[in-house]
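Spelled out, the chains give:
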Amino acid sequence: MYHLILNGFPRTPPPVLNLIIQYVCQDMRRLELYGTVDVTICMLDSLNPLPGLPDIQNVFRRVSQYTEPGGLFLFDVNTLHKHRVTLGDQVFLFDLDEV
């Protein structure tokens, strides 16, 4: 059985998975849990807005503190190239009736 921290995922895992999911909404630089987890998932480029390297290092320290040996920290980030070249001055807009 895996214990995960998830943010940005549906609240109910698929029934075929035997998961205990802990949803956390707090400043990741001050992450505090009541125990350890096997996997932490940080999605939606959440590390990108952190102001500097010390903040990023602090997040990794905190996640490591609460992760079981052999556990995983899964995250995604955008690169400077993506922000400067791909996104640049582009506007991406989804105009959907159901939103």
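Predicted model, so just to flag it, every value in this text is computed and none were measured. (Residues numbered from 1 in each chain as written. Predicted model: local features only at pLDDT ≥ 70, side-chain atom pairs only at ≥ 80, totals over all residues. Heavy atoms only, no water.)

So, about the pattern of salt bridges. Taken as a whole and assessed by the stated rule, the structure comprises three salt bridges. A salt bridge links Asp27 to Arg29; its shortest N-O distance comes to 2.9 Å. A relative accessible area of 26% means that Arg29 is categorised as partly exposed. The closest approach of N and O atoms between Arg29 and Asp55, which form a salt bridge, is 3.5 Å. Separated by 26 residues along the polypeptide, Arg29 in the loop between strand S2 (19–23) and strand S3 (37–42) and Asp55 in helix H1 (residues 53–65) bring together distant segments of the chain. (Salt bridge = Lys/Arg side-chain N within 4 Å of Asp/Glu carboxyl O. Buried < 20%, exposed > 50% of the residue type's maximum accessible area, 1.4 Å probe, protein only. Helix = DSSP H or I, 4+ residues; strand = E, 2+ residues; numbered from the N terminus.)

Another aspect to go through is the nonpolar core. Val24, Leu31, Leu33, Val37, Cys42, Leu47, Leu50, Val59, Val63, Tyr66 and Phe73 form the largest nonpolar core, which has 11 residues in total. Contributing elements (two or more residues each) for this core: S3 and H1. Beyond its immediate sequence surroundings of up to four residues, Tyr66 is in contact with Leu31, Glu32, Leu33, Gly35, Thr36 and Val37. (Core = buried A, V, L, I, M, F, W, Y, C linked by side-chain atoms within 4.5 Å. Contact = heavy atoms within 4.5 Å.)

All right, on to a nonpolar patch on the surface then. A cluster of nonpolar residues, Phe60, Phe75 and Val77, forms a patch on the protein surface that exposes about 250 Å² of accessible area. With respect to the secondary-structure elements, Phe60 resides in helix H1. Classification of Phe60 by relative accessible area gives partly exposed; the value is 34%. (Patch = residues over 30% accessible without salt bridge, like charges linked within 9 Å, V, L, I, M, F, W, Y side chains within 5 Å. Areas by Shrake-Rupley, 256 points an atom, 1.4 Å probe, with all protein chains shown as cover.)

All right, on to the confidence of the model for the protein then. Taken as a whole, the protein shows an average pLDDT of 82; of its residues, 82% reach a score of 70 or greater. In the model of the protein, strand S1 (residues 2–6) stands out as the element of lowest mean pLDDT, 47, in contrast to H1, which has the highest, 95. (pLDDT = per-residue confidence, 0-100.)

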